[in-house]
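What the coordinates show
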Amino acid sequence: MILSNNGMALFLLRYFMAFVLLLISACSQANDVHETRFIMGTLVKFTIAPADRHENIDVAAAISAAANEMQRIENAFTIYGDQSNAIKTFNATAPNTAVALPEEVASLLQRALLIKQQSKGAFDPALGGLNLLWGFSASDAPTTPPSAEAITKALPPQHCIAQTSMANGKSGWLRTDTRCLLDFGAIAKGYAIDQGIKILRQHGIKNAIINAGGDIRLIGKHGDKPWRIGIRHPRQQAEMIETLQLEGDVSIVTSGDYERFFIYQGKRYHHLINPQTGWPAQTAQSVTIIARNATLADAWSTAVFIQGKKGMAQQSQFNQQVLLIDQSGKRFGSLKPR
Ligand code: AMP
Ligand code: MG
C-alpha cells in the first residue's frame, strides 16, 4: 500500500478513530449487565446500568428474582396452556355464582374494570371468549377470520363481571353470562414489568430497564446519560419512528396491529378487538403510551388503540402521553419526557 503524507495522516486518523469507537462501544457494553429470558410469549430483556455494579449488589440474583416473579405472574394470569390457575377456574364457573378470587387477581381485575369504565368499554378484561375464538395467542397462529356468526355468538354483554358477596358473607366475584371470560392479555404484561422493577429495587438496583418485547419500564439513568429508547415503526420492522432520551421512572408501552396479525384476502386482521363488534379495531397502526407505571401504559395503549383518535384527549387528564399512528401512517400526539 502506497500512501501520500496526507493519505497516511488520514489513514492513521481513521485507524485511531475506529480504535476509539470500538473502545467506547466495548466499554458501555461491558459495563451494562444484560440478561434475556422468554416470558409471556416474548423476549424479556433486563439491562442493569454500570452504576449498580458493585459488591453490595448481586445483579445476577436480582435479575433472576425479577424474572421468576414475572414468570409467576404469567402462570397466575394466563388463560392458555394446561396448568390450572384461578382465572381459568373462574372462567369455568356457572353464571351468577359468586366465587373468591386471590387478592392479587381481584386487585388487578378492579384496576382493569376501572379502565374499562374510563375508556367507555374500549378496554374490556372479559373478552377471553372472543380472543380464544380469534386464536392470536394460540400455539398455531390463525390464517383466516372466524365466521361472522361465531363472532356474534361469542360477543359478551356489556355488563359481564361483578363484585358481590358470597354465601359466607365475604366478598366474591361472578360472571353474568357464559360468554364472559376473563383475559388479562392487555394488562398482565405491564403488571409483570412493574413487579419485575419492584423486585430489582428490593435488591438495591436503581438504574435499569425491563424491556418485554418493546413494552418498557426504565428507572434511573444509563451511566451519566439518560436511557435511549426506540419506538418501532409499525410498518418498517427495522426502523424507529421515535428515539427518546428518558430517565427517572418512565413506563412506555405500545400496542400495534403488526404484533399478531394475518392478511386474508388482502385485509389485515390483528389481535386488538373492538368489544362492540368482536372484530379487530380499524383505527390505527400503533398507539404508544407513557404513563406512571407499566400496568397503566399497557392497558391504555390497548384502550386508545380501540378508541382511535377520539381516545387521545382524555390521556392528558391522566397526565399520560400518547403517540398514535393512524391507518394511513400519519402521526398524532407526541411523547415528551416529563
Ligand atoms: P396488547 O398487546 O397489550 O395491546 O394486548 C393485546 C391482548 O389483549 C390480546 O392478545 C387479547 O388477549 C387482549 N385484548 C384484545 N382486545 C382487547 C380489548 N379491547 N380489551 C382488553 N383486552 C383486549
Ligand atoms: Mg396492552
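Here goes a summary of the coordinates provided.

Thresholds applied
Residues numbered from 1 in each chain as written. Chains lettered and ligands numbered in written order. Predicted model: local features only at pLDDT ≥ 70, side-chain atom pairs only at ≥ 80, totals over all residues. Heavy atoms only, no water. Helix = DSSP H or I, 4+ residues; strand = E, 2+ residues; numbered from the N terminus. Contact = heavy atoms within 4.5 Å. Expected span 1.5 Å × (residues − 1). Buried < 20%, exposed > 50% of the residue type's maximum accessible area, 1.4 Å probe, protein only. Phe/Tyr/Trp six-rings, centres within 6.5 Å; stacked < 30°, edge-to-face > 60°.

Our focus in this paragraph is the environment of Leu155. Here Leu155 is to be found in the loop between α6 (148–154) and β3 (161–165). For the pair Leu155 and Pro275, spaced 120 residues apart in sequence, the C-alpha to C-alpha distance is 7.4 Å. Ignoring sequence-local partners within four residues, the contact set of Leu155 consists of Leu130, Arg179, Pro275, Gln276, Thr277 and Gly278.

Taking 1.5 Å of rise per residue, 15 residues should cover 21 Å, and helix α7 (residues 188–202) covers 21 Å from first to last C-alpha, within 8% of that figure. Burial within α7 is extensive, with 12 of its 15 residues counted as buried. Residues of α7 that are buried include every one of Ala188, Lys189, Gly190, Tyr191, Ala192, Ile193, Asp194, Gln195, Gly196, Ile197, Ile199 and Leu200, and no others. Gly204 lies just past α7 and shows a positive phi near 95 degrees.

Here we take up the packing of aromatic side chains. Inspection of the entire model under this criterion finds 9 aromatic pairs. An angle of 20 degrees between the planes, with centres 5.3 Å apart, marks the rings of Phe262 and Tyr269 as stacked. We note that Phe262, like Tyr269, is buried. Each ring, one from Trp300 and one from Phe318, has its centre 5.1 Å from the other, and the planes form 40 degrees; the classification is tilted. Of the two residues, Trp300 is situated in helix α8 (residues 294–307) and Phe318 in the loop between α9 (313–317) and β13 (321–326); the sequence distance between them amounts to 18 residues. Residue classification places Phe318 among the partly exposed residues on the basis of a relative accessible area of 22%. Taken together, the ring pairs connect Trp134, Phe136, Phe262, Tyr264, Tyr269 and Trp279 into an aromatic cluster.

Nothing here speaks to function; it is geometry throughout.
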